[in-house]
Amino acid sequence: MFEQRITFNQTLGLTVESLAATGPTARITMRPELVGHFLYGRLHGGVISATLDAMGGLALMVAIGEKHPDENAEQIMHRFARMGTIDLRVDFLRQGIGQHFIASAEVTRLGGRVGSTQMRLVNDAGLLIATGAAAYMVS
């Protein structure tokens, strides 16, 4: 669902690597469409922000599914339909240079109406490129 039904994630090229309970991870392979600075070939800041936002949402999807194990797929999908970003903060720490990038997220709080997450983006050398924190409407 995350990779194919959310078409913007296809545009970003997000590929889920893990849905671990400790937090999901996804990969982006660098390609020309994602470059923000043509001279240096850096990953565009908007791509970084969108990736971190998507990962925060994915972490909450996993957490919501785990919080409601008795619900069927249709009920869980209905919960996902109400999700939306309330607030997103991104700290750009280094230039987005690399062949690929790994994004991860963890849920810091899942309430009845609002969920909070922290996200990270590292490059293929393991260097931390950006961090993020976000709040999402979950009901």
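Residues numbered from 1 in each chain as written. Predicted model: local features only at pLDDT ≥ 70, side-chain atom pairs only at ≥ 80, totals over all residues. Heavy atoms only, no water.

Draft legend 1. Representation of a nonpolar patch on the surface in the model. Together, Phe 38, Leu 39 and Tyr 40 give the surface a local cluster of nonpolar side chains, amounting to about 440 Å² of exposed area. Structurally, Phe 38 can be placed in the loop between β3 (35-37) and β4 (42-43). (Patch = residues over 30% accessible without salt bridge, like charges linked within 9 Å, V, L, I, M, F, W, Y side chains within 5 Å. Areas by Shrake-Rupley, 256 points an atom, 1.4 Å probe, with all protein chains shown as cover. Salt bridge = Lys/Arg side-chain N within 4 Å of Asp/Glu carboxyl O. Helix = DSSP H or I, 4+ residues; strand = E, 2+ residues; numbered from the N terminus.)

Draft legend 2. The pattern of salt bridges, seen in detail. One pass over the full model with this rule turns up two salt bridges. In this structure, Glu 33 engages Arg 31 in a salt bridge whose closest nitrogen and oxygen atoms are separated by 3.3 Å. Its relative accessible area of 59% is what places Glu 33 among the exposed residues. (Buried < 20%, exposed > 50% of the residue type's maximum accessible area, 1.4 Å probe, protein only.)

Draft legend 3. A look at the environment of Leu 39. Residue position: Leu 39 is located in the loop between β3 and β4. The spatial distance from the C-alpha of Leu 39 to the C-alpha of Ile 102 is 23 Å, given a sequence separation of 63 residues.

Draft legend 4. Expanded view of the nonpolar core. Within the largest apolar cluster, 32 residues are counted, with the highest numbers of intra-cluster contacts made by Leu 43, Ile 48, Leu 52, Met 55, Met 119 and Leu 121. Elements with a contribution of two residues or more to this core: β2 (25-29), α2 (45-67), α3 (73-81), β6 (100-110), β7 (114-123) and β8 (128-137). Ranked by the residues each element gives to this core, the list is headed by α2, at 11 residues. Those residues in contact with Leu 52 that sit more than four places away from it in its chain are Val 90, Met 119, Arg 120, Leu 121, Ala 130, Thr 131, Gly 132 and Tyr 136. (Core = buried A, V, L, I, M, F, W, Y, C linked by side-chain atoms within 4.5 Å. Contact = heavy atoms within 4.5 Å.)

Draft legend 5. Representation of the sheet that holds β6. Sheet architecture is open: six strands sit in the order β1-β2-β6-β7-β8-β5, paired in antiparallel fashion. In this open sheet, the two strands that pair with only one neighbour each are β1 (15-18) and β5 (84-92). Within this sheet the neighbouring strands show an average axis-to-axis angle of 25°, counted without direction. Strand direction decides the pairing type here: β2 and β6, joined by five bridges, are antiparallel. Bridging from a neighbouring strand, Ala 26 pairs with Ala 103 of β6. Against the sheet, α2 contacts β1, β2, β5, β6, β7 and β8, and its axis sits at roughly 45° relative to β6. (Pairing = 2+ DSSP bridges. Axes fitted to C-alpha atoms, helices over the stretch in contact; angles between N-to-C directions.)

Draft legend 6. Geometry of the packing of α2 against α3. At a minimum axis separation of 10 Å, α2 and α3 run at an interaxial angle of 140°. As far as their axial angle goes, α3 and α2 are oblique. The handedness of the crossing between α2 and α3 is right-handed. For the pair α2 and α3, contact is made by Met 61, Ile 64 and Gly 65 and by Ile 76, Arg 79 and Phe 80, respectively. Along the lines of polarity and charge, the residues of the contact of α2 with α3 split into four nonpolar, one polar and one charged. (Parallel < 35°, antiparallel > 145°, perpendicular 65-115°, else oblique. Left-handed = near helix turned anticlockwise from the far one by under 90°. Nonpolar A, V, L, I, M, F, W, Y, C, P; charged D, E, K, R; others polar.)

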